[in-house]
Amino acid sequence: MKNIVRFVVTLTLTSALVGCSFLNNQPQDTLTADNYYTSAKAIEQNCYSLYSAKTWSNFQMSFMWMAGDELAGDLFYTYDQEGQFYYMTFGSNNTYLTQGWTGLYRVISFANNIINDMPTAARKQGVSEDAIKQGLAQARCARALAYYLLTEYWGAVTIVEDNLNMMNTTLYRNTQDHVYRFIVEDLEYAQAILPPTQSVRGLPTCWSAKGLLAKVYLTMASHLTNAKSAEYFEKAKTFAAEVINNSGLTLYPDYSTLFDIEANNCGESLLAIQNMVGGYAMGNSRTAHWSRSTFVSDIAWGQGKGPTLSLQESYDPADARRQWVYMTLGDYYPNINKAEGGYTYYFVRRDAAGNKLEDNNEVLANVKKYVLGKSADCDGGVGDQQDAGNNTYLLRLADVYLCYVEACIGSGESTTDPLAITVFNRIHHDRAQLPEVSSISYDDLILERRCEFALEGINFFDIKRMSYRDEKRAVAYLNRMERHRSYYPDEALRSLTNENTWEPYITPNPSYEPILVTAKMLTLPVPGSEITAMPSLNEDPKPYYND
């Protein structure tokens with residue numbers, strides 16, 4: 001299926017031209033739609049493009065990890081505009097913030113093309129109503145996901161059902177409760193229509209939609225002041241339990257390869273960006289962005305990136321997942337740099353003449369998750385244009401497990417629900433190899449989610465749900481991380497004979513001021529370019545529904 005992605009994406013891109021602003025999205029050309037939607041297979045192929053790397057590129061390539069991991073206090077990176085997400089100093093003119101906004105509206109515009117133009121065109125060609133409904137369900141699932149990400153980052157955002165409305169000269173943001181309602185309507189349709197399995201791996205199933213519904217209802221329920229909060233917690237439990245009990249899906253057995261190509265579209269993957277080696281923006285760019293050096297990957301821009309000290313301290317030393325999330329002293333990876341017998345992580349690496357080949361960063365660790373190694377290490381699975389073939393998870397089964405646990409905790413502080421204990425231990429005990437638990441506190445859950453999903457761009461959403469429950473608690477949680485902390489080496493303590501194992505004197509880097517998080521920082525500003533193009537976006541949000 002991935003072999004046809006470039007053709008289908010080209011069709012879609014010519015149908016929905018996206019410029020610097022989401023207002024520039026253009027509707028699909030009717031003649032193209034009439035000529036293309038000639039069969040159920042054609043609909044399926046175009047829907048597959050909704051989940052392609054090209055469609056998600058503006059969101060995936062940088063913003064996803066800058067916002068999702070740096071804002072969450074999990075990823076240390078301080079350079080220029082990218083580092084503004086770490087320092088929490090981003091403004092409305094941050095380039096990557098704009099890319100995230102327009103990137104998600106790009107997904108929405110593509111989904112709208114299918115939803116609005118495909119049925120009429122397909123019916124003219126005699127395509128079955130079942131195939132048309134399947135296409136609508138797939139598109140509405142993608143649109144719902146994009147809107148969920150938008151509203152969790154930006155709060156009130158503009159609901160656009162028809163791309164023709166994007167040429168309207170006056171659009172307003174809509175209230176978050178109505179955005180949630182719109183998302184639920186899309187997902188309720190999708191979960192009722194999508195099949196339990198797909199002939200094409202990578203397309204969403206009913207379990208994908210149900211799992212996402214569980215997370216959306218959980219998010220809605222976390223607004224504890226909402227009169228329907230308790231009802232929404234129950235709905236989140238119901239949908240999560242359906243996936244857990246009826247899908248037949250299980251966790252992927254090997255966390256060490258869960259983020260490699262071999263795990264693409266495995267049973268744990270409910271929704272994922274479909275990446276491939278095919279050129280710029282066609283694949284997963286994390287191997288290039290996150291690899292420490294050319295010992296690790298052919299393209300390596302990740303020397304200055306690494307897990308924050310707070311994230312490192314979150315892992316139990318016995319946690320079997322840790323080594324596959326980040327690299328630190330002594331970690332060995334047989335599948336990286338295979339030509340030289342694998343890769344062992346040292347703080348500093350020198351050649352025979354004493355020249356530094358690798359140097360330490362401020363956190364004495366670098367990222368492993370999603371990093372594949374060199375192209376030769378994975379049979380050409382990494383390209384030379386920031387394109388690698390390992391998919392990017394948007395929703396995993398493990399996430400649904402822990403959504404169930406969180407829904408059982410509800411507005412309280414703990415749970416002993418038998419199913420919650422069972423699925424929590426599948427992650428905590430079976431996967432992480434940590435002792436089984438018989439009760440789960442809210443703090444236990446947040447810690448488990450942080451360790452399980454670190455550097456996947458989703459932990460910020462856990463913090464957002466915490467802020468809906470208790471804003472002061474979320475702000476305190478972030479500030480306890482003391483994200484300004486880093487290693488500042490004292491040369492007097494450095495071993496002159498074995499620099500690889502020196503133990504630095506740890507102190508806040510004197511060039512950094514303490515990074516203090518406020519509640520206001522948890523909602524991103526609408527990009528300045530959007531406000532300039534349409535000042536009405538700066539006005540108070542308006543209801544979308546009339547009732």
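Residues numbered from 1 in each chain as written. Predicted model: local features only at pLDDT ≥ 70, side-chain atom pairs only at ≥ 80, totals over all residues. Heavy atoms only, no water.

Turning our eyes to something else, we now look at helix α16 (residues 459-469). Across the 11 residues of α16, 11 count as buried, placing the element largely inside the fold. Within the sequence span of α16, burial applies to Asn459, Phe460, Phe461, Asp462, Ile463, Lys464, Arg465, Met466, Ser467, Tyr468 and Arg469. (Buried < 20%, exposed > 50% of the residue type's maximum accessible area, 1.4 Å probe, protein only. Helix = DSSP H or I, 4+ residues; strand = E, 2+ residues; numbered from the N terminus.)

What follows concerns the pattern of salt bridges. Side-chain pairing between opposite charges can occur once the charged atoms of the two side chains come close. Per the counting criterion, the structure on display carries 32 salt bridges. Across the salt bridge formed by Asp186 and Arg140, the nearest N and O atoms sit 2.6 Å from each other. Placement of Asp186 in helix α8 (residues 176-193) and of Arg140 in helix α7 (residues 129-154) is noted, with a sequence separation of 46 residues between them. Given a relative accessible area of 1%, Asp186 falls into the buried group. Here Glu452 and Arg321 are joined by a salt bridge, their closest N and O atoms 2.8 Å apart. Here Arg321 lies in the loop between α12 (309-314) and β4 (326-327) and Glu452 lies in helix α15 (residues 442-453), a separation of 131 residues in the sequence. Overlapping salt bridges bring together Glu268, Asp319, Arg321, Lys369, Arg396, Arg431, Glu448, Glu452 and Glu456 as one network. (Salt bridge = Lys/Arg side-chain N within 4 Å of Asp/Glu carboxyl O.)

What follows is about the pairing of strand β10 (residues 392-396). Counting buried positions along β10 gives five out of five residues, so the element sits mostly inside the fold. Of the strand pairs in this sheet, strand β2 (residues 269-273) and β10 are connected by four bridges, and their pairing is antiparallel. Among the inter-strand pairings, Ser269 is bridged to a residue of β10, identified as Arg396. (Pairing = 2+ DSSP bridges.)

Soluble, globular proteins show a tendency: their nonpolar side chains are buried together. One finds Tyr147 and Trp154 to be the most contacted residues of the largest nonpolar core, which totals 170 residues. Top element by residues in this core is α7. It accounts for 16 residues. Residue contacts for Tyr147: discarding those within four places in its chain leaves Tyr105, Ile108, Val157, Thr158, Ile159, Val160, Val179, Phe182 and Ile183. (Core = buried A, V, L, I, M, F, W, Y, C linked by side-chain atoms within 4.5 Å. Contact = heavy atoms within 4.5 Å.)

A word on the packing of helix α10 (residues 229-246) against helix α13 (residues 397-409). With their axes 9 Å apart at the nearest point, α10 and α13 run at an angle of 145° to one another. Considering how the two elements wind past one another, α10 and α13 form a crossing that is left-handed. Each of Phe233, Ala236, Lys237, Ala240, Ala241, Val243 and Ile244 in α10 lies in contact with α13, whose residues at this interface are Leu397, Val400, Tyr401, Tyr404, Glu406, Ala407 and Cys408. Classifying every residue of the contact of α10 with α13 gives 12 nonpolar, no polar and two charged. (Axes fitted to C-alpha atoms, helices over the stretch in contact; angles between N-to-C directions. Left-handed = near helix turned anticlockwise from the far one by under 90°. Nonpolar A, V, L, I, M, F, W, Y, C, P; charged D, E, K, R; others polar.)

A few words on the environment of Leu164. With respect to the helices, strands and loops of the structure, Leu164 is situated in the loop between α7 and α8. Sequence spacing of Leu164 and Ser109 is 55 residues, and the spatial spacing of their C-alpha atoms is 9.9 Å.

Counting across every chain of the model gives 29 aromatic pairs. Ring geometry for Tyr217 against Tyr232: centres 5.8 Å apart, planes inclined by 35°, an arrangement best described as tilted. Placement of Tyr217 in helix α9 (residues 206-221) and of Tyr232 in helix α10 is noted, with a sequence separation of 15 residues between them. An identical accessibility class is assigned to Tyr217 and Tyr232; each is buried. Both rings, one in Tyr217 and one in Phe239, keep their centres 6.0 Å apart while their planes meet at 5°; by these two values the pair is stacked. With a gap of 22 residues between them, Tyr217 in helix α9 and Phe239 in helix α10 connect regions that are remote in the sequence. The class of Tyr217 is buried, set by a relative accessible area of 4%. Between Arg292 and the ring centre of Tyr345, over which it is positioned, the NZ or CZ distance is 4.2 Å. Directly above the aromatic system of Tyr172 lies the positively charged group of Lys542, at a separation of 4.7 Å from the ring centroid. (Phe/Tyr/Trp six-rings, centres within 6.5 Å; stacked < 30°, edge-to-face > 60°. Lys NZ or Arg CZ within 6 Å of the ring centre and 35° of its normal.)

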